[in-house]
Amino acid sequence: QKEVEQDPGPLSVPEGAIVSLNCTYSNSAFQYFMWYRQYSRKGPELLMYTYSSGNKEDGRFTAQVDKSSKYISLFIRDSQPSDSATYLCAMSAGFGNEKLTFGTGTRLTIIP
Amino acid sequence: GAVVSQHPSRVICKSGTSVKIECRSLDFQATTMFWYRQFPKQSLMLMATSNEGSKATYEQGVEKDKFLINHASLTLSTLTVTSAHPEDSSFYICSAEDRGSYGYTFGSGTRLTVV
C-alpha cells in the first residue's frame, strides 16, 4: 500500500463547477499538507499549505485536512479553463527541509 | 515569494556523455535542496537530498555514481547525469524551502533526452 493515495483521474468538469480533489494517507506522522498545481512540462506550483487538521481558504481554493480519517481535500470553486492541470497532494512529518511524500496527481480538465 | 531557478529547461545529449543541471535559489538561502525525477503522467520521485557543504543523501535504488550532486553554496545545487543512457531520459526537478515562508518551491524542471 502506498503511503499516499490519490485518484489519478482524469477528471473533466464544465467551467464554473466546483471541483473536489482528494488524497488519503496511511502515515499518522504526517503533520504538514500541501497541494501543488503542475502544468504540462513545468515544475509544481504551491497552491495551499496546511498544518494539522482544519480548513484553509485562499480565493477560490479551500483545503481541508481531517487527520482522524487521514483524508485531505482541495476544493476549487468557480472553476476556470486555466485551472486545467495536474494537482498533486504532498505531505511531510516535519517542518524545515523534511522530504515530501507525493500523491500520484489528478489530471483535471475544465471544459469551457 | 521564493523563486528557484533551474537550467537548462531542455537538453538533448548523446548516449555516453554527461549533463549538468543547475538549481539556484534566487532570493533566499537554501541549506537543503531536493532533486526529483518525473516520468510522463507519473508523480515526482525523490532521488536525493542535497545538503550544502556535505554529501547528498540518495534514496534507495538511486545510483549515486550516476547522479552526482554538488551543493557547494547556499544558493546553488547541481545534478550531473554521468554517462547518460536513453533510459535516463526524464523530467528532472529541484526544490528548496525558504524558511521565511511555508511550503517548498520548485524549479521549472529540465527535460533530458538522451539519444
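Our subject is the structure that appears above.
Computed from a predicted structure; not experimentally measured.

Trainee: Explain the interface of chain B and chain A to me, using residue names and the numbers behind them.
Mentor: Frequently, the measure chosen for interface size is the accessible area that the parts lose on association. Each side of the interface is counted separately: chain B has 23 residues, and chain A has 20 residues. Sorting the residues of chain B by area buried against chain A places Y102, Y104 and F106 of chain B first, and these three jointly supply 29% of that buried surface. Linking chain B with chain A are one salt bridge, by the criterion used here. For E59 of chain B, the salt bridge identified is with K99 of chain A, shortest N-O distance 3.0 Å.

Trainee: Residues and numbers for the sheet that holds strand β3 (residues 19-25) of chain B, please.
Mentor: Residue and element names in this part refer to chain B. Strands sit in the order β1-β3-β8-β7 across an open sheet of four strands; the sheet is antiparallel. Two strands in the sheet have a free side with no partner beyond their single neighbour: β1 (4-7) and β7 (67-73). Strand-to-strand twist of the sheet, defined as the mean angle between neighbouring strand axes without regard to direction, takes the value 15 degrees. As judged from the six bridges shared by β3 and strand β8 (residues 76-81), these two strands associate in the antiparallel manner. By the bridge assignment, R24 is partnered in β8 with L76.

Trainee: Summarise the state of the cysteines; cite the residues concerned and give the values.
Mentor: By the definition in use, this model includes two disulfides over all chains. A sulfur-sulfur separation of 2.0 Å characterises the disulfide bridge that pairs C23 of chain A with C89 of chain A. Note on the C23 of chain A and C89 of chain A pair: the S-S dihedral is about -100 degrees, so by sign convention the disulfide is left-handed. Taken together, the residues span a long stretch of sequence, with C23 of chain A in strand β3 (residues 19-25) and C89 of chain A in strand β9 (residues 85-92) at a distance of 66 residues. We classify C89 of chain A as buried; its relative accessible area is 0%. Residue pairing for C23 of chain B: its cysteine sulfur links by disulfide to C94 of chain B, the two sulfurs lying 2.0 Å apart.

Basis of the calculations
Residues numbered from 1 in each chain as written. Chains lettered and ligands numbered in written order. Predicted model: local features only at pLDDT ≥ 70, side-chain atom pairs only at ≥ 80, totals over all residues. Heavy atoms only, no water. Contact = heavy atoms within 4.5 Å. Buried area = accessible area lost by both parts, 1.4 Å probe. Salt bridge = Lys/Arg side-chain N within 4 Å of Asp/Glu carboxyl O. Pairing = 2+ DSSP bridges. Helix = DSSP H or I, 4+ residues; strand = E, 2+ residues; numbered from the N terminus. Axes fitted to C-alpha atoms, helices over the stretch in contact; angles between N-to-C directions. Disulfide = S-S within 2.5 Å. Buried < 20%, exposed > 50% of the residue type's maximum accessible area, 1.4 Å probe, protein only.

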